[in-house]
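Observations on the model geometry
Here are the chains, one letter per residue:
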Protein chains: 2
Amino acid sequence: MPRWESDAQGRLERAALELFETQGFERTSVAQIASAAGLKERSFYRYFRDKREVLFAGNELEAHLVAQVEAADPGLTPIEALLTALGTAEDIFRPREFLLRRGRVIAANPALAERDLIKLADIADALAPALERRGVEPGKARFIIDVVLAIHRRAMPRWLAEPDSTLAQLMAQAAAELREAVTLPAPTVR
Amino acid sequence: MPRWESDAQGRLERAALELFETQGFERTSVAQIASAAGLKERSFYRYFRDKREVLFAGNELEAHLVAQVEAADPGLTPIEALLTALGTAEDIFRPREFLLRRGRVIAANPALAERDLIKLADIADALAPALERRGVEPGKARFIIDVVLAIHRRAMPRWLAEPDSTLAQLMAQAAAELREAVTLPAPTVR
């Protein structure tokens, strides 16, 4: 059984998702989530700051990605190092079915959609120093991160829908799509 | 005098920026902003929903960009149409000195930085149907928008720092930088 299914954090996440789906995000309280997970309300706050945070899994993903970039082969270009790091993220993701349900709940709730955006920006902020330590100028580091996050966003729905593909394969496919789109003639500059 | 300097909305924006700079975002009230702009507090809410919104200029930029994409030459590729549309945004931007000060205030206040992210996502959402009407599949439309917004984000600080360059020129330069970064050999897929 993966770690997240056995521990309190995972139980809270699954209980929250279930309640958000059945009775809505607004009408669900922290007390209800804790109770459905068989925990005291106080325990909830040991893992999450608030009700919105429960679908955003602490800083595991961020820490994993930063460590992957730090450990990447120095011979890789910055974009390769990032693509490789993000391609390994599926190792620590929740099961696809959980992520699909989670994605639907987030899309339906503006407060959760906003938190999702902020989390992504936090991840971008955390990755920048790791690229800079590879000698990339800060503005360029942020640019490459934004582009690779766009590639990741393109690949994720396909990965969720295609159980036989790896995220790394689908990100490589999206990167190829980008390569094709940008190697067409550039627009005339006025 | 540009329209925004003469009207109530522009006066509120400049008054808010000044107050956020001198006494901080948290310590500034809507009443103070309205008073500094020579208006009643009630008038503030005719233009802006809340104190955070005052630095995000309504939907002017979004409406401008959507109209530019709709009007773009049908012969342009989707990425060219978007780059061209964003390159014209400087026509409706505030003066660079205002934007520089605004950028610093936003970066220093998490609540404003979050609103900035959300506004950008709203612009991306608004642009997607305009690209889809050009025959682009929805997932690909969003991908291209994300990439072009990354190009825009790369070009903006340079545009703010280099008064002799046009935004269109600097976006073309960032697009060339991206082309170079993605045409290097792709990482090996495991």
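Residues numbered from 1 in each chain as written. Chains lettered and ligands numbered in written order. Predicted model: local features only at pLDDT ≥ 70, side-chain atom pairs only at ≥ 80, totals over all residues. Heavy atoms only, no water.

Going by an unreviewed UniProt entry, chain A carries the name TetR family transcriptional regulator and comes from Actinomadura soli.

Topic: the overall build of chain A
Each helix and strand counted, chain A has ten helices and zero strands in total. In chain A, the order of α-helices and β-strands from amino to carboxyl end is α-α-α-α-α-α-α-α-α-α. Seen through its principal axes, chain A has C-alpha atoms that stretch 55 × 35 × 30 Å. The proportion of buried residues among the 190 residues of chain A is 50%. Residue pairs in contact within chain A that sit at least 24 positions apart in sequence constitute 64% of those at least 6 positions apart. With the model as given, the accessible surface of chain A reaches about 9100 Å², and the carbon-plus-sulfur share is 53%. (Helix = DSSP H or I, 4+ residues; strand = E, 2+ residues; numbered from the N terminus. Buried < 20%, exposed > 50% of the residue type's maximum accessible area, 1.4 Å probe, protein only. Contact = heavy atoms within 4.5 Å. Areas by Shrake-Rupley, 256 points an atom, 1.4 Å probe, with all protein chains shown as cover.)

Details of the interface of chain A and chain B
The partner chain B presents 40 residues to the 40 residues of chain A that form the contact. For the pair chain A and chain B, the number of links is six salt bridges. Applying the counting criterion to the chain A and chain B interface returns eight residue pairs in polar contact (both at pLDDT 80 or more). Secondary-structure elements contributing two or more residues to the side of chain A that touches chain B are helix 6 (78–87), helix 8 (110–132), helix 9 (138–161) and helix 10 (167–182) of chain A. When residues of the side of chain A that touches chain B are assigned to their parent elements, the largest contribution, ten residues, is made by helix 9 of chain A. Of the residues contributing to the side of chain A that touches chain B, the split by class is 20 nonpolar, seven polar and 13 charged. (Salt bridge = Lys/Arg side-chain N within 4 Å of Asp/Glu carboxyl O. Polar contact = N/O pair within 3.5 Å; in protein donor to acceptor, adjacent residues only side chain to side chain. Nonpolar A, V, L, I, M, F, W, Y, C, P; charged D, E, K, R; others polar.)

Remarks on the packing of helix 10 of chain A against helix 9 (residues 138–161) of chain B
At a minimum axis distance of 12 Å, the contact between helix 10 of chain A and helix 9 of chain B shows a crossing angle of 70°. Put simply, helix 10 of chain A runs roughly perpendicular to helix 9 of chain B. Crossing geometry of helix 10 of chain A relative to helix 9 of chain B is assigned as right-handed. Together, Ala 174, Glu 177 and Leu 178 of chain A of helix 10 of chain A and Lys 140, Phe 143 and Val 147 of chain B of helix 9 of chain B make up the contact between the two elements. Counted by class, the contact of helix 10 of chain A with helix 9 of chain B contains four nonpolar, no polar and two charged residues. (Axes fitted to C-alpha atoms, helices over the stretch in contact; angles between N-to-C directions. Parallel < 35°, antiparallel > 145°, perpendicular 65-115°, else oblique. Left-handed = near helix turned anticlockwise from the far one by under 90°.)

What about the packing of aromatic side chains?
Residues and elements named next belong to chain A. Tallied over the entire structure, the rule returns eight aromatic pairs over all chains. Note on Phe 44 and Phe 48: the rings are 5.5 Å apart at their centroids and 50° apart in plane angle, and the pair reads as tilted. With relative accessibility at 0%, the residue Phe 44 sits in the buried group. In this structure Phe 48 comes out as buried when scored by relative accessible area, which is 2%. A connected cluster of aromatic rings, assembled from ring pairs, spans Phe 44, Tyr 45, Tyr 47 and Phe 48. (Phe/Tyr/Trp six-rings, centres within 6.5 Å; stacked < 30°, edge-to-face > 60°.)

A look at the domain arrangement of chain A
Residue and element names in this part refer to chain A. You can read the domains of chain A as domain 1 (1–55) and domain 2 (59–182). On a C-alpha basis, the centroid separation for the pair domain 1 and domain 2 is 25 Å. Taken together, the contacts link 16 residues of domain 1 with 14 residues of domain 2. For the pair domain 1 and domain 2, the summed buried area comes to about 1500 Å², and 53% of that belongs to carbon and sulfur atoms. On the surface where domain 1 and domain 2 come into contact, there are five salt bridges. One salt bridge connects Arg 115 with Asp 50, and the closest N-O pair in it is separated by 3.1 Å. Seen at the junction of domain 1 and domain 2, the total is six residue pairs in polar contact (both at pLDDT 80 or more). Among the secondary structure elements, those contributing two or more residues to the side of domain 1 that touches domain 2 are helix 1 (3–6) and helix 2 (8–23). (Domains from an automatic or database assignment. Buried area = accessible area lost by both parts, 1.4 Å probe.)

A few points about helix 8 of chain A
In this model, helix 8 of chain A (23 residues) spans 33 Å end to end at C-alpha, consistent with the 33 Å of a helix rising 1.5 Å per residue. Buried residues along helix 8 of chain A sit in contact with helix 2, helix 5 (60–71), helix 6, helix 7 (96–108) and helix 9 of chain A together with helix 8 (110–132) of chain B. (Expected span 1.5 Å × (residues − 1).)

What about the pattern of salt bridges?
Enumeration over the complete set of coordinates arrives at 29 salt bridges over all chains. Lys 119 of chain A is the salt-bridge partner of Glu 53 of chain A, the closest N and O atoms lying 2.9 Å from each other. Residue Glu 53 of chain A is found in the loop between helix 4 (41–47) and helix 5, and its partner Lys 119 of chain A is found in helix 8; the two are separated by 66 residues along the sequence. Its relative accessible area of 9% is what places Glu 53 of chain A among the buried residues. Across the salt bridge formed by Glu 97 of chain B and Arg 101 of chain B, the nearest N and O atoms sit 3.7 Å from each other. With Glu 97 of chain B and Arg 101 of chain B both in helix 7 (residues 96–108) and four residues apart, the pair spans about one turn of that helix. Assessed through its relative accessible area of 51%, Glu 97 of chain B is described here as exposed. Salt bridges sharing common partners tie together Arg 49, Asp 50, Glu 53, Arg 115 and Lys 119 of chain A.

Some details on the relation of the copies chain A and chain B
In the superposition of chain A on chain B (RMSD 0.0 Å, axial shift 0.0 Å), the rotation amounts to 180°. In symmetry terms, the pair is related by a two-fold rotation axis. When C-alpha distances to the rotation axis are compared across chain A, the minimum falls at Val 147 of chain A, with a value of 2.9 Å. Here 100% of the contact residues of chain A are again contact residues in chain B; the copies associate through an equivalent surface. (Least-squares fit on C-alpha atoms with pLDDT ≥ 70 in both.)

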